[in-house]
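Here is how the chains run, residue by residue.
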Amino acid sequence: MQRRTLLLSLPLAMGGPALGLAAGTDTEDRPEQPKGYPVSLAQMQQAVAKRFPRRYPVQGLLDLDLQTPRLHLLPDQNRLRAEMAVAAAGPALNRVHQGSFDVDFALRYEPSDRTLRAHQLRLARLTFPTLPARATEMINLYAPTLADQSLREVVVHELTAQDLRAVDAMGMQPGAITVTNTGLVVGLVLKPL
């Protein structure tokens with residue numbers, strides 16, 4: 001029990017912010033931020049940009065080209081939203097049609113490669129204003145699969161070994177991920193004994 005108490009107090013005693021820990025505030029003007037490892041929206045946007053654009057064929061009839069998503073924070077839902085421009089073209093269409101594709105998702109930590117990944121995807125919207133109704137219906141049938149293929153397990157941030165060295169030395173590991181108004185905070189929990 002003393003080890004747990006000591007470990008929980010160490011990050012603050014050693015200067016939490018120097019370890020990459022988000023410090024809470026006691027002012028009435030700002031609500032207290034959760035404590036843990038902070039990840040900014042800009043860092044996540046940069047990581048996601050490395051994995052796009054992507055192309056997905058739809059039953060040999062057309063191709064959907066997804067551009068780099070623009071990420072948005074949804075702190076009230078503890079989720080992120082990805083908004084992407086998408087172009088549909090192929091033998092079933094007489095020209096390229098521009099649309100948009102929105103998906104929201106939760107995050108999980110993957111310890112094998114120290115990454116934060118998208119999971120629990122929900123299709124929010126897929127629209128093509130210039131497509132005929134029949135083509136739109138076909139694409140919407142494929143939309144949940146497209147959401148799953150395009151963003152499931154996409155890495156939004158990778159923690160480095162250096163990021164985790166001090167945390168590991170204290171017997172802790174990444175835990176719950178909280179979406180805030182400015183980014184994410186990866187909580188720290190004690191490693192199992």
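Calculation rules
- Residues numbered from 1 in each chain as written.
- Predicted model: local features only at pLDDT ≥ 70, side-chain atom pairs only at ≥ 80, totals over all residues.
- Heavy atoms only, no water.
- Buried < 20%, exposed > 50% of the residue type's maximum accessible area, 1.4 Å probe, protein only.
- Helix = DSSP H or I, 4+ residues; strand = E, 2+ residues; numbered from the N terminus.
- Arc of directions from axis to C-beta.
- Contact = heavy atoms within 4.5 Å.
- Salt bridge = Lys/Arg side-chain N within 4 Å of Asp/Glu carboxyl O.
- Core = buried A, V, L, I, M, F, W, Y, C linked by side-chain atoms within 4.5 Å.
- Polar contact = N/O pair within 3.5 Å; in protein donor to acceptor, adjacent residues only side chain to side chain.

Participant: Outline helix α2 (residues 41–49), listing residues and values.
Facilitator: Within the span of α2, buried status applies to M44, A47 and V48. Buried residues of α2 fall within an arc of 95 degrees about the axis and therefore sit on the same side. Opposite its buried face, α2 presents the exposed residues A42 and Q46, each directed more than 90 degrees away. Close packing links the buried residues of α2 with β1 (37–40), β4 (70–74), β5 (79–89), β8 (155–158) and β10 (183–190).

Participant: Run through the environment of V167, naming residues and quoting values.
Facilitator: Tracing the backbone through its elements, the reader meets V167 in helix α4 (residues 161–169). Taking relative accessible area as the criterion, V167 reaches 4% and is therefore assigned buried. A sequence separation of 22 residues divides V167 from V189, and the C-alpha atoms of the two residues are 9.5 Å apart. Dropping the residues within four chain positions of it, V167 is found in contact with M172, Q173 and L188.

Participant: Can you explain the pattern of salt bridges? Please cite residues and give values.
Facilitator: A side chain of one charge can pair with a side chain of the opposite charge if their charged atoms are brought near each other. On inspection of all chains with the given rule, the structure shows 11 salt bridges. As a salt-bridge pair, D113 and R117 come within 2.7 Å of each other at their nearest N and O atoms. The exposure class of R117 is buried, given its relative accessible area of 16%. In this structure, a network of salt bridges that share partners links the residues R79, R81, D104 and R122.

Participant: If you had to explain the nonpolar core to someone new, which residues and values would you point to?
Facilitator: Counting residues in hydrophobic clusters, the biggest one holds 43 residues, and the most contacted among them are L64, F101, F105, L116 and L184. Top element by residues in this core is helix α3 (residues 133–151). It accounts for seven residues. Apart from the residues lying within four places of it in its own chain, the contact partners of F105 are L71, R79, L80, A82, A118, H119, Q120, L121, L151 and V156. Grouped together as the second largest cluster of nonpolar side chains are five residues, V167, M170, M172 and L188 included.

Participant: How would you summarise the side chain of H157 if you had to cite specific residues and measurements?
Facilitator: Of note, H157 is situated in strand β8. Judged by its relative accessible area of 7%, H157 is buried. There is a polar contact of 3.4 Å between the side chain of H157 and the side chain of Y37. Sequence-distant contacts of H157, defined by excluding residues within four places in its chain, comprise Y37, V39, Q43, A47, R114, T115 and L116.

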